[in-house]
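# Structure at a glance
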Amino acid sequence: MKAIAKTKKEKGFEIIDAKIKEPGENEVLIKVKASTICGTDLHIYKWDKWSSERIKIPRIVGHEMSGEIASVGKNVKNLKPGDFVSVETHIICGECYACKNNRQEACMNLKILGIDMDGSYAEYVTLPAENCWKNEKNLPPEIASLKEPLGNAVDTVLSEDVTGKSILITGCGPLGLLSIGVAKVSGAYPIIATEINEYRIKKAKEMGADYVLNPLKDNIYEIVMDITKGNGVDVFCEVSGNEKALIDGLNLTTPGGRVSILGLFKDEVKFDINNLVVLKGLRIYGITGRKIYSTWYKTSALIESGILDISPVLTHKFKLEEFEKAFNLMETGNCGKIAFIID
Ligand code: NAD
Ligand code: ZN
């Protein structure tokens, strides 16, 4: 089968001809229909410090995906060939302290598709059956692929309720855009987003942000305080991975407010924890992955009810062979989610 893989310890990927892995007794073989690009894949493409330490080559990359079940192992009862599924990309152990305490998203032996095992930029993927989430057949494959990152956004925005609350979302990459959508349909108001890329500023408005500020041009302290009548925002969601955005957001959160951090930071972050967290009485949530599987119920309900339209986040489609074009575009930031359509 055709697949995109990391084959050399340097920038780039390669199209390879890979063997299809027959499913084990608790596994399924999935014919991939769409696989969307995550920021992590760009890190692997660029071969940064993190990926060079984590990835063993050769490795087929990609994880966000949807597809059709092609065959199932002998113990698999709840899936059959032809079923259309999205995939929980975190393969958990089910045995560790975190798993046993119903915090599977924080599994201590976590394996990730396309990172620790061969991934979804391929014609077929073999996975534990329990990682499949069955979809309605009429859902577009690229939207079904986005259920996984949408789950990150759902847990970020909805760590606590947001209805009628002011919210600041820093960073309007794909995850920030999805977070704006979740905040909108959950009744947050006003939704204030920050972003420095003009393409994404437009997208943020399209997703329903009431205000989109550019910290390179706008005095965000003055404007946010003005919008919130001097109180600061009730909820702050950090989705940029930028240190300055995090510190600005903590400053702009109202005393007693709630913070959820999805962004991953390149380096250690230093800030005044006494004045920005402790003495403000903030509640801070670190968000890793999605709750397995309670978040998937929320994500699916939001999409399948038609309440949340995430299609504006999906901006480009490519074939596997066009991966270089796709990753070059990712590097510019002038895109939302990019999907590989595989047929
Ligand atoms: P992205 O890099 O595409 O988006 C980040 C956005 O932040 C960019 O559009 C960038 O222009 C913007 N930005 C940079 N500096 C800013 C500033 N000072 N103020 C406002 N915006 C600024 O990433 P993404 O795919 O949207 O993911 C968002 C973050 O979430 C990343 O850090 C990613 O690593 C992280 N992430 C975490 C998890 C998890 O499980 N914790 C899962 C997925 C992604
Ligand atoms: Zn575990």
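This text gives an overview of the structure that appears in the document.

What counts and what doesn't
- Residues numbered from 1 in each chain as written.
- Chains lettered and ligands numbered in written order.
- Predicted model: local features only at pLDDT ≥ 70, side-chain atom pairs only at ≥ 80, totals over all residues.
- Heavy atoms only, no water.
- Helix = DSSP H or I, 4+ residues; strand = E, 2+ residues; numbered from the N terminus.
- Contact = heavy atoms within 4.5 Å.
- Areas by Shrake-Rupley, 256 points an atom, 1.4 Å probe, with all protein chains shown as cover.
- Lys, Arg positive; Asp, Glu negative; His and termini not counted.
- Charge placed at Lys NZ, Arg CZ, Asp CG, Glu CD.
- Buried < 20%, exposed > 50% of the residue type's maximum accessible area, 1.4 Å probe, protein only.
- Pairing = 2+ DSSP bridges.
- Donors = N, O, S within 2.8 Å, 3.2 Å for Na, K, Ca; no water.
- Tetrahedral: all angles 85-135°; square planar, octahedral: opposite > 155°, others 65-115°.
- Axes fitted to C-alpha atoms, helices over the stretch in contact; angles between N-to-C directions.
- Phe/Tyr/Trp six-rings, centres within 6.5 Å; stacked < 30°, edge-to-face > 60°.
- Lys NZ or Arg CZ within 6 Å of the ring centre and 35° of its normal.

Glancing now at the overall build of the chain. When helices and strands are tallied, the chain shows twelve helices and 18 strands. Reported as C-alpha extents along the three principal axes, the dimensions of the chain are approximately 60 × 40 × 35 Å. Taking contacts inside the chain between residues at least 6 apart in sequence as the whole, the part at least 24 apart equals 69%. Here the chain has roughly 15,500 Å² of accessible surface; of this, 52% comes from carbon and sulfur atoms. Averaging the coordinates of the 44 positive side-chain charges in the chain and doing the same for the 46 negative ones gives two points 2 Å apart.

Along strand β9 (residues 124–128), four of the five residues are buried, which leaves the element largely enclosed by surrounding structure. Across five bridges, strand β3 (residues 27–36) lies against β9 in antiparallel orientation. Bridge pairing links Leu29 to Thr126 in β9.

Donor atoms from the polypeptide that bind the zinc ion (ligand 2) are Cys93 (SG), Cys96 (SG), Cys99 (SG) and Cys107 (SG), placed at 2.3 to 2.4 Å. Classification of the site at the zinc ion (ligand 2) as tetrahedral follows from its four donor atoms and the range of 104 to 120° in their angles at the metal. Of note, the donors binding the zinc ion (ligand 2) are all from one chain and are spaced C-x2-C-x2-C-x7-C. Taken together, the residues Cys96 in the loop between β7 (90–91) and α3 (97–100) and Cys107 in the loop between α3 and β8 (111–112) connect sequence positions eleven residues apart.

Bringing the sheet that holds strand β14 (residues 233–238) into the picture now. As summarised here, the arrangement of the six strands in space is β13-β12-β11-β14-β15-β16, forming an open sheet in which the pairing is parallel. Looking at the sheet topology across the chains shown, the edges are occupied by β13 (211–213) and β16 (283–286). The mean inter-strand angle of the sheet, taken between neighbouring strand axes irrespective of direction, is 20°. In this sheet, strand β15 (residues 253–261) lies alongside β14 in parallel orientation, the contact comprising five bridges. Counted as the bridge partner of Cys237 is Ser260 from β15.

If you walk through the whole model with that rule in mind, you get eleven aromatic pairs. Ring centres of Phe13 and Phe327 lie 5.2 Å apart, and the angle between their planes is 80°; this geometry places the pair in the edge-to-face category. Separated by 314 residues along the polypeptide, Phe13 in the loop between β1 (2–6) and β2 (14–17) and Phe327 in helix α12 (residues 323–332) bring together distant segments of the chain. In this pair, the class of Phe13 matches that of Phe327, namely buried. Ring centres 4.9 Å apart and planes at 85° place the aromatic pair Trp133 and Tyr297 in the edge-to-face group. With Trp133 in strand β10 (residues 132–134) and Tyr297 in helix α11 (residues 294–304), this pair connects stretches of sequence that are 164 residues apart. Residue class for Tyr297 comes out exposed when judged on its relative accessible area of 58%. Cluster of aromatic residues (ring-pair linked, three or more members): Phe13, Tyr45, Tyr121, Phe323, Phe327 and Phe340. Its end group placed over the ring of Tyr124, Lys31 keeps NZ or CZ at 5.4 Å from the ring centre. A cation over an aromatic ring shows up here: Lys33 above the ring of Phe84, its NZ or CZ 5.7 Å from the ring centre.

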